[in-house]
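Structural description and commentary
Here is what each chain is made of, one letter per residue.
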Amino acid sequence: MFSFLDRTGSTYYEPIRDLLETWVGRVPAEHRAGVVGNLMSGDDKFESSLWELYLYAVATGSGDRVEIHPDLPGTSRHPDFLVHGAVPYYLEAVAVGRSPEHVAADRRLGDLEAVLDRVRIDGVTLMFHFHQLGPRPVPAAKLRDQLVRWLDSLDTEGLALRTDAFQVGASRPTFRFEDDDWILTFEALPTKSRKARGSPLIGIRGAGRAKGVDNTTGLWRALDSKANKYGTQLPYPLITAVLSNTEFPTRDYHVSAVLYGLSASPPASVINSADLHTNGHWRTTNGWRRSHNPNVVVAASLNLHNLSTVTPTLWTTLDPAATIVADITWADPVSVSAHDPQSLG
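None of these values were measured; they are calculated from a predicted model.

Regular strands place their side chains on alternate faces of the sheet. Side chains Val66 and Ile68 of strand 1 (residues 65–68) all project onto a buried face; the interleaved residues Arg65 and Glu67 project onto a face where none is buried. In this structure, strand 1 lies alongside strand 2 (residues 81–84), joined through four bridges in antiparallel fashion. Pairing of Arg65 across the sheet is with His84, part of strand 2.

Here it is in structure tokens:
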């Protein structure tokens, strides 16, 4: 993406390109090449690198001095930043990523689609739904050959004369493929022009069934990966900054459940930790923990096009023994005194 922005002449992307160039230009010279290299490392790396650049920009923009990859006593590891605010704090960036299983499944699906996309047919195209993705690559050549034989058996002239073929709920010729836990369906549709030649085999594609929304597992994984990475006896508090660009938007109630655990009462009203239904990042049925990590910043659905309009949220432990960082002006604090978390920004 960064390479595209760097070379495109489109005026649409000019403000975005100018903003990123300004931010990169503010990074100390000794770190600048590494920042640019990370931004050019591919889409997955780009998102997490953009998040780190964003954090550096807003932290320095608030007037604080920021060290990049500061030294820590007793370890060779380096947090992303040390922010010298009224209360100095370490700032560690992390992006909610997909699990390796999901990445591998998407790759298998992409390989299948690449094979099918090379097929061209006349007078008809297919609506493709994937209901279940198998644990191993699908035998794509076998599927392709079966599809072509099925299409050869169809009355494409009759299909072209149907007036209801594109209506929701219409009955269409359907081919179902099941093999090694793969479940796929293909529905035949006429092309708009009966004279069309060499149409793509797949015209419409998508998931074949509704999916449950789970935005908490990724948050858990991201927070756990950073909570004790540098130990618990740090010179300054550690703030974890999470970018959560999930398929379905991450809501404040997802974040609250992960941080404080679930209970019948709002987090601020829970007196006895044993009343929790589930454990949280900060509070478990055994009491408070992770006081060295007293704040969490979360940005949901932050991307190149809304960098200046989306404000991250600032979450704070309720542990009375923790040293809180209260002067983070670039994130909106959240109150958890009610069932629905309320932004105070």
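From this point, things continue past the structure.
It is worth spelling out the pattern of salt bridges at this point. Inspection of every chain in the model, using the stated rule, returns eight salt bridges. Of the charged contacts in the structure, one is a salt bridge between Lys229 and Glu92, with a shortest N-O distance of 3.9 Å. One end of the pair, Lys229, is in the loop between helix 8 (216–227) and strand 10 (238–244); the other, Glu92, is in strand 3 (residues 89–95), with 137 residues separating them in the sequence. Residue Asp224 pairs with Arg290 through a salt bridge whose shortest N-O separation is 3.1 Å. You can see Asp224 sitting in helix 8 and its partner Arg290 sitting in the loop between strand 12 (287–288) and strand 13 (295–300), a full 66 residues away along the chain. One continuous salt-bridge network, built from bridges that share partners, spans Glu92, Lys226 and Lys229.

In total, this model carries nine aromatic pairs according to the counting rule given. Summarising the aromatic geometry, the rings of Tyr56 and Phe81 are spaced 5.9 Å apart at their centres and angled 35 degrees between planes, so their arrangement reads as tilted. Of this pair, Tyr56 sits in helix 4 (residues 43–61) while Phe81 sits in strand 2, and the two are 25 residues apart along the sequence. For the pair Tyr56 and Phe81, one class covers both residues: buried. Here Phe128 and Phe186 contribute two aromatic rings whose centre-to-centre distance is 4.9 Å and whose plane-to-plane angle is 5 degrees, an arrangement assigned as stacked. Of this pair, Phe128 sits in strand 5 (residues 124–132) while Phe186 sits in strand 7 (residues 182–190), and the two are 58 residues apart along the sequence. When its relative accessible area of 0% is taken as the criterion, Phe128 is described as buried.

You can see Lys226 is positioned in helix 8. By relative accessible area, Lys226 is classed as buried at 11%. Each C-alpha atom of the pair Lys226 and Ala241 lies 9.8 Å from the other, and the pair is 15 residues apart in sequence. Ignoring anything within four residues of it in the chain, the contact list for Lys226 reads Glu92, Ala93, Val94, Leu238 and Thr240.

Within the element layout of this structure, Pro237 appears in the loop between helix 8 and strand 10. A sequence separation of 57 residues divides Pro237 from Pro294, and the C-alpha atoms of the two residues are 6.8 Å apart. Aside from chain neighbours lying at most four places away, what touches Pro237 is Val87, Pro88, Tyr89, Tyr90, His292, Pro294, Thr323 and Val325.

In this section: the confidence of the model for the protein. Per-residue pLDDT for the protein has a mean of 86; in total, 88% of the residues score no lower than 70. For the protein, per-element mean pLDDT is lowest for helix 1 (residues 2–7), which scores 50, and highest for strand 14 (residues 313–316), which scores 98.

Bringing the packing of helix 8 against helix 9 (residues 252–260) into the picture now. Orientation of helix 8 relative to helix 9, taken along the N-to-C sense of each, is 45 degrees, at an axis distance of 10 Å. Taken together, the axes of helix 8 and helix 9 are oblique relative to one another. As helix 8 runs across helix 9, the sense of the crossing is right-handed. For the pair helix 8 and helix 9, the contacting residues are Thr216, Leu219, Trp220 and Leu223 in the first and His254, Val255, Val258 and Leu259 in the second. Classifying every residue of the contact of helix 8 with helix 9 by side-chain character gives six nonpolar, two polar and no charged.

Parameters at a glance
- Position labels on residues start from 1 in each chain and follow its written sequence.
- Confidence filtering applies because this is a predicted model: local features only for residues at pLDDT of at least 70, side-chain atom pairs given and counted only at 80 or more, and all residues used for totals across whole chains, interfaces and linings.
- In computing side-chain properties, one takes all heavy atoms of the structure into account and sets aside hydrogens as well as water.
- Note on exposure labels: buried denotes an accessible area under 20% of the residue type's maximum, exposed denotes more than 50%, and partly exposed covers the range between, all computed with a 1.4 Å probe on protein chains only.
- Strands here are runs of E lasting at least two residues and helices are runs of H or I lasting at least four, both read from the DSSP assignment and numbered beginning at the N terminus.
- Two strands make a pair as long as DSSP finds a minimum of two bridges between them.
- Only one rule defines a salt bridge in this text: a Lys or Arg side-chain nitrogen within 4 Å of an Asp or Glu carboxyl oxygen.
- For this analysis, a ring pair means two rings from Phe, Tyr or Trp (six-membered ring only for Trp) whose centres lie within 6.5 Å, classed as stacked if their planes differ by under 30 degrees, edge-to-face if by over 60, and tilted for the remaining angles.
- Whether two residues are in contact is decided by their heavy atoms: any pair within 4.5 Å suffices.
- Confidence scores labelled pLDDT are given residue by residue by the predictor and lie between 0 and 100.
- Only the contacting stretch of a helix is used when fitting its axis, a line to C-alpha atoms as for every element, and angles between N-to-C directions run 0 to 180 degrees.
- Any angle that falls under 35 degrees is termed roughly parallel, while one over 145 is termed roughly antiparallel, one within 65 to 115 roughly perpendicular, and all others oblique.
- Two helices crossing with the near one rotated counterclockwise from the far one by less than a right angle form a left-handed crossing, whereas a clockwise rotation gives a right-handed crossing.
- Any residue outside Ala, Val, Leu, Ile, Met, Phe, Trp, Tyr, Cys, Pro, Asp, Glu, Lys and Arg is labelled polar, Gly included; the first ten of those are nonpolar and the last four are charged.

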